[in-house]
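For reference, the chains in residue letters:
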Amino acid sequence: MNIRFLETFLYIAEEGSVASAARKLHLTATAMAQRIKTLEDEIGVTLLYRTGRTMQVTPEGKAIIPKIRELIAGSKALKQLATVHNVAGELRIGVLPTLLSMLVPNVLIRLNEQFPQLTLSIELDFSSGLYRRITRDELDIILLVAPLFPLSKEFCWLDHHQERFIVVAPATMKGRTAHDILSTEPFIRYHQQSWGGIVADRYLQSQGIQVNKRFDLNTLDAIVTLVRHGCGVSLIPDWQPMYPDRKNLIALSLPEPAPSRDIGILYKHNSSKRALIAPVVEQLFLSKNEEIQPSSLRHF
């Protein structure tokens with residue numbers, strides 16, 4: 001049974017669309033249909049049917065999806081057996097955009113020097129997207145904000161560092177308290193598409209702070225830029241790599257207990273690429289000791 005045909009079925013089942021799955025697999029819709037027809041003929045049951053513009057999975061198809069996932073994972077494991085004691089092959093790493101410049105460069109340089117046969121593919125996404133992709137086995141290891149829900153036992157979570165939330169405001173507001181600024185000034189909201197944005201919203205609710213929302217943004221560098229231009233204030237993680245380049249701003253600490261954005265490393269316990277994951281984790285923690293500094297009140 002062709003593993004690629006099984007992957008094709010799984011992609012269509014997850015996407016609910018042949019066209020969407022075809023784009024991800026870089027195939028034509030005709031090629032996708034041929035694979036599904038061959039697979040159905042081999043298994044002897046209908047796996048998919050069309051409802052309007054979407055593809056639905058038949059009960060027979062749903063019944064075999066868990067086994068298909070096992071077969072695909074087993075196939076990947078077989079490919080790694082020959083190099084289980086050697087760091088060689090491709091590893092797909094998912095990273096938050098805000099962490100790329102802070103952590104990844106040193107990691108990449110050292111891994112390239114120590115393991116020349118290791119190929120790293122770096123993918124940028126928000127935490128929710130990174131998590132979704134690792135559950136689909138589209139990524140092997142990810143660096144993200146701690147999920148706000150219990151993790152499945154199939155995952156290994158390693159705490160990496162914390163970023164305390166602060167209030168960023170124009171330097172002209174120096175001398176005022178963080179809560180006063182949040183309550184009275186136009187507010188740039190760290191969008192809930194980001195898990196860190198959810199943490200910020202929960203803090204405001206817990207403190208009974210009603211903000212005068214002006215913008216919703218999901219990228220921290222854009223938020224800092226707007227604050228620097230006097231468009232409002234915001235509540236964001238103490239995201240240090242960008243601060244030296246930002247002038248005319250102040251960063252105000254919050255009263256305790258202040259919230260934090262907890263950053264960590266996530267991968268699957270049974271990953272077929274654990275021999276490749278181990279040195280990446282090691283380098284991420286070495287980079288942490290070099291690059292991550294304790295949060296502090298600064299003018300920038």
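Residues numbered from 1 in each chain as written. Predicted model: local features only at pLDDT ≥ 70, side-chain atom pairs only at ≥ 80, totals over all residues. Heavy atoms only, no water.

With that settled, consider the overall build of the protein chain. For the protein chain, the count of helices and strands is ten helices and eleven strands. For the protein chain, the proportion of its 300 residues judged to be buried stands at 45%. Here the analysis covers contacts within the protein chain between residues at least 6 apart in sequence; of these, 77% occur between residues at least 24 apart. Split by element, the accessible area of the protein chain, about 15,200 Å² in all, is 52% carbon and sulfur. (Helix = DSSP H or I, 4+ residues; strand = E, 2+ residues; numbered from the N terminus. Buried < 20%, exposed > 50% of the residue type's maximum accessible area, 1.4 Å probe, protein only. Contact = heavy atoms within 4.5 Å. Areas by Shrake-Rupley, 256 points an atom, 1.4 Å probe, with all protein chains shown as cover.)

By size, the foremost hydrophobic cluster in this structure holds 31 residues, and its most contacted members are Val 167, Leu 182, Leu 235 and Leu 254. Elements represented by at least two residues in this core include exactly strand 6 (155–170), helix 7 (178–184), strand 7 (186–190), helix 8 (195–206), helix 9 (220–228), strand 9 (233–237) and strand 10 (249–253). Once residues lying within four places of it in the same chain are set aside, the contact partners of Leu 254 are Phe 165, Ile 166, Val 167, Ala 178, His 179, Leu 182, Tyr 203, Leu 235 and Pro 259. Ranked by size, the runner-up nonpolar core spans 30 residues in total, among them Ile 141, Val 145, Cys 156 and Val 280. (Core = buried A, V, L, I, M, F, W, Y, C linked by side-chain atoms within 4.5 Å.)

Mapping Ile 93 onto the fold places it in strand 3 (residues 89–95). Excluding residues within four positions of it along the chain, Ile 93 makes contact with Leu 120, Ser 121, Ile 122, Glu 123, Leu 139, Ile 141 and Val 280.

What follows concerns the pairing of strand 3. Examined bridge by bridge, strand 3 and strand 4 (residues 118–124) share seven bridges and lie parallel to one another. Each residue of the ladder has a partner; that of Gly 89, found in strand 4, is Leu 118. Sheet topology places strand 3 next to strand 5 (residues 141–145); three bridges connect them, and they run parallel. For Gly 94, the partnering residue across the bridge sits in strand 5 and is Ile 142. (Pairing = 2+ DSSP bridges.)

Close inspection of predicted coordinates is inappropriate for parts of the model with low pLDDT. Chain-level statistics for the protein chain give a pLDDT mean of 84 and a share of 88% at 70 or above. Predicted confidence in the protein chain is weakest over helix 4 (residues 59–81), with a mean pLDDT of 78, and strongest over helix 7, with 95. (pLDDT = per-residue confidence, 0-100.)

This part covers the side chain of His 160. With respect to the secondary-structure elements, His 160 resides in strand 6. Under the relative-accessibility criterion, His 160 is labelled buried at 2%. A distance of 2.8 Å separates a polar atom in the side chain of His 160 from the backbone oxygen of Leu 284. (Polar contact = N/O pair within 3.5 Å; in protein donor to acceptor, adjacent residues only side chain to side chain.)

Across its 13 residues, helix 1 (residues 3–15) extends 18 Å between first and last C-alpha, which sits within 8% of the 18 Å expected from 1.5 Å per residue. Looking at where helix 1 begins, the residue whose side-chain oxygen comes 2.8 Å from the main-chain nitrogen of Arg 4 is Asn 2. One or two positions beyond helix 1, positive phi appears at Gly 16, with a value near 70°. (Expected span 1.5 Å × (residues − 1).)

In terms of burial, strand 9 is largely enclosed, as five of its five residues are buried. The pairing of strand 6 with strand 9 spans four bridges and is classified as antiparallel. Note that in strand 9 the partner of Val 167 across the bridge is Leu 235. Pairing between strand 7 and strand 9: two bridges, direction parallel.

So, on to the environment of Asn 212. As for its position among the elements, Asn 212 is in strand 8 (residues 212–217). When the C-alpha atoms of Asn 212 and Phe 187 are compared, they prove to be 5.4 Å apart, with 25 residues separating the residues in sequence.

Right, let's get into the packing of helix 1 against helix 2 (residues 18–25). Two elements in contact, helix 1 and helix 2, have axes separated by 8 Å at closest approach and are oriented at 130°. One finds that helix 1 runs oblique with respect to helix 2. Read as a crossing pair, helix 1 and helix 2 show a hand that is right-handed. Of the residues in helix 2, those touching helix 1 at Thr 8, Tyr 11, Ile 12 and Glu 15 are Val 18, Ser 20, Ala 21, Lys 24 and Leu 25. Of the residues contributing to the contact of helix 1 with helix 2, the split by class is five nonpolar, two polar and two charged. (Axes fitted to C-alpha atoms, helices over the stretch in contact; angles between N-to-C directions. Parallel < 35°, antiparallel > 145°, perpendicular 65-115°, else oblique. Left-handed = near helix turned anticlockwise from the far one by under 90°. Nonpolar A, V, L, I, M, F, W, Y, C, P; charged D, E, K, R; others polar.)

To continue, consider the side chain of Asp 140. Looking at the element boundaries, Asp 140 is found in the loop between helix 6 (127–135) and strand 5. Looking at Asp 140, the relative accessible area reads 7%, which means it is buried. A distance of 2.7 Å separates the side chain of Asp 140 from the backbone nitrogen of Arg 92, its partner in a polar contact. A polar atom in the side chain of Asp 140 sits 3.4 Å from the side chain of Lys 273. For Asp 140, the residues in contact, after removing those within four places along its chain, are Glu 90, Leu 91, Arg 92, Ile 134, Leu 266, Tyr 267, Lys 273 and Ile 277.

Right, let's get into the packing of helix 1 against helix 3 (residues 29–43). Contact geometry for helix 1 and helix 3: axes closest at 9 Å, N-to-C directions at 110°. The orientation of helix 1 with respect to helix 3, classified from their angle, is roughly perpendicular. As helix 1 runs across helix 3, the sense of the crossing is left-handed. Contact with helix 1, carried on its side by Arg 4, Phe 5, Leu 6, Thr 8, Phe 9 and Ile 12, involves Met 32, Arg 35, Ile 36, Thr 38 and Leu 39 of helix 3 and no other residues of that element. Class assignment for the residues of the contact of helix 1 with helix 3 results in seven nonpolar, two polar and two charged.

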